[in-house]
Amino acid sequence: MTFRLETDRLTLSSWDADDGPLLVRLYGDPLASRDFGRTLSKAEALTSFERYRQAYREDDFTRWKVTDKTGTFLGAVGCIRVKDHQCLGTHVEIGWRLLPEAWGKGYATEAALAAQYDIQKRCRISDIITYTAPDNLTSQAVMNRLNYLRAPERDFTAHYDSIGEWHGLVWTVPNIAV
């Protein structure tokens, strides 16, 4: 089962079995992974890759593989169901991570808008949030361009074994597919 979503400049698609190295490259890039506080190991990136593939099989949505119209890999954008988060419980989160060479071109906004509309229209899921670190001003700018609504009452501090304490600022995602 393959999924494809087209925008003017981008293709969002399900991950093929041999796409793992693309995610390893993305999560291994120090700039693309700076909000993690470190790059992910190959094993960690491949775990995310399998989680994205499994999410699509189970939920019919995931963090999609994003390419430009020439087929050049740019990153991952879309929604994922987060189960039993230590501070936020189970929720659907929209997120994006692009390689640095794709920054500053509006790709994150374009892809996130397409993924948001798809999950709200096709999957009928409207309760979506997103979150980022206080110093990730680039992602916050994307959230503002998308008219996401800041929800400071949902901000959290979580502890992750891999990076320690992490502070998250939360936004809610309005339903645009009504």
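Once a new chain begins, its residue numbering starts again from 1 and follows that chain's sequence as written. Reporting of local features is limited, given that this is a predicted model, to residues whose pLDDT is at least 70; pairs of side-chain atoms are given and counted only at 80 or more, and all residues count toward the totals for whole chains, interfaces and linings. The basis for the side-chain values is all heavy atoms of the structure; hydrogens and waters are excluded.

A. Fine view of the overall build of the protein. When helices and strands are tallied, the protein shows 4 helices and 9 strands. Of the regular secondary structure in the protein, the N- to C-terminal order runs β-β-α-α-β-β-β-α-β-α-β-β-β. Relative to the compact-globule value of 16 Å for 178 residues, the protein shows a C-alpha radius of gyration of 15 Å, a close match. Summarising its shape, the C-alpha atoms of the protein cover approximately 40 × 40 × 35 Å along the three principal directions. It only takes one pair of heavy atoms within 4.5 Å for two residues to be counted as in contact. For the protein, the share of sequence-separated contacts (at least 6 apart) that also reach a separation of at least 24 residues comes to 61%. Values of accessible area rely on a 1.4 Å probe in the Shrake-Rupley scheme; residue burial ignores everything except the protein chains shown. Of the accessible surface of the protein, which amounts to about 8,900 Å², a share of 51% is contributed by carbon and sulfur atoms. Note that His is not counted, nor are the chain ends; the positive residues are Lys and Arg, and the negative ones are Asp and Glu. By convention, charge coordinates are those of NZ in Lys, CZ in Arg, CG in Asp, or CD in Glu. Distance between charge centroids for the protein: 3 Å, based on 22 positive and 24 negative side chains. Working definition: helices are DSSP H or I runs of at least four residues, strands are E runs of at least two. Numbering for both runs from the N terminus. With the radius of gyration taken over C-alpha atoms, the globule rule is written as 2.2 Å times the number of residues to the power 0.38.

B. Structural view of the nonpolar core. Working definition of a nonpolar core: buried Ala, Val, Leu, Ile, Met, Phe, Trp, Tyr and Cys residues. They are joined through side-chain atoms within 4.5 Å. For every residue, the accessible area obtained with a 1.4 Å probe (protein chains only) is divided by the maximum for its type, and the residue is called buried under 20%, exposed over 50%, and partly exposed between those limits. Membership of the largest hydrophobic core comes to 33 residues, with the highest contact counts inside it found for Leu-12, Phe-61, Ile-94, Trp-96, Ile-119, Ile-128 and Tyr-148. Going through the elements one at a time, strand S2 (10–13), strand S3 (63–68), strand S4 (73–85), strand S5 (89–98), helix H3 (107–121), helix H4 (137–145) and strand S9 (164–172) are the ones with two or more residues in this core. Among the elements that make up this core, the one with the highest residue count is H3 (7 residues). With sequence-adjacent residues up to four places away left out, Ile-119 is seen in contact with Phe-61, Cys-79, Val-92, Arg-124, Ile-125 and Ile-128. Counting 24 residues, the second largest nonpolar core, distinct from the first, contains Leu-26, Tyr-27, Phe-49 and Ile-80.

C. Region of interest: the side chain of Thr-109. Looking at the element boundaries, Thr-109 is found in helix H3. Since its relative accessible area comes to 15%, Thr-109 is described here as buried. For this analysis, a polar contact is any N or O atom pair within 3.5 Å, provided that within protein one partner can donate a hydrogen and the other can accept it, and provided that sequence-adjacent residues contribute only side-chain to side-chain pairs. Of note is the side chain of Thr-109, whose polar atom sits 3.2 Å from the side chain of Arg-145. When sequence neighbours within four positions are dropped, the list of residues in contact with Thr-109 reads Val-142, Arg-145 and Leu-146.

D. Layout of the packing of aromatic side chains. Working definition: a ring pair exists when centres of Phe, Tyr or Trp rings (six-membered ring for Trp) sit within 6.5 Å. Plane angles under 30 degrees give stacked, over 60 give edge-to-face, the rest tilted. Applying the stated criterion to the full structure yields 12 aromatic pairs. Ring geometry for Tyr-27 and Phe-36: centres 5.7 Å apart, planes at 45 degrees, overall tilted. Among the aromatic side chains, those forming a connected cluster through ring pairs are Trp-15, Phe-49, Tyr-52 and Phe-73. Any Lys NZ or Arg CZ found within 6 Å of a ring centre and within 35 degrees of that ring's normal is scored as a charge over the ring. Between Arg-97 and the ring centre of Phe-36, over which it is positioned, the NZ or CZ distance is 4.1 Å. A cation sits over an aromatic face here: Arg-150 above Trp-171, 4.9 Å from the ring centre.

E. Structural view of the pattern of salt bridges. Any carboxyl oxygen of Asp or Glu within 4 Å of a side-chain nitrogen of Lys or Arg constitutes a salt bridge here. Scanning the entire structure with this criterion turns up 14 salt bridges. A salt bridge links Glu-101 to Arg-25; the nearest nitrogen and oxygen atoms lie 2.9 Å apart. Separated by 76 residues along the polypeptide, Glu-101 in the loop between S5 and H3 and Arg-25 in helix H1 (residues 20–28) bring together distant segments of the chain. In this structure, Asp-59 and Arg-81 form a salt bridge, with 3.5 Å as the shortest nitrogen-oxygen distance. Taken together, the residues Asp-59 in helix H2 (residues 42–59) and Arg-81 in strand S4 connect sequence positions 22 residues apart. Members of the salt-bridge network, linked through shared partners, are Arg-4, Glu-6 and Lys-69.

F. Focus on the environment of Ala-114. Considering the arrangement of structural elements, one finds Ala-114 in helix H3. Given a relative accessible area of 15%, Ala-114 falls into the buried group. Residues within four places of Ala-114 in sequence aside, it is in contact with Leu-5 and Thr-7.

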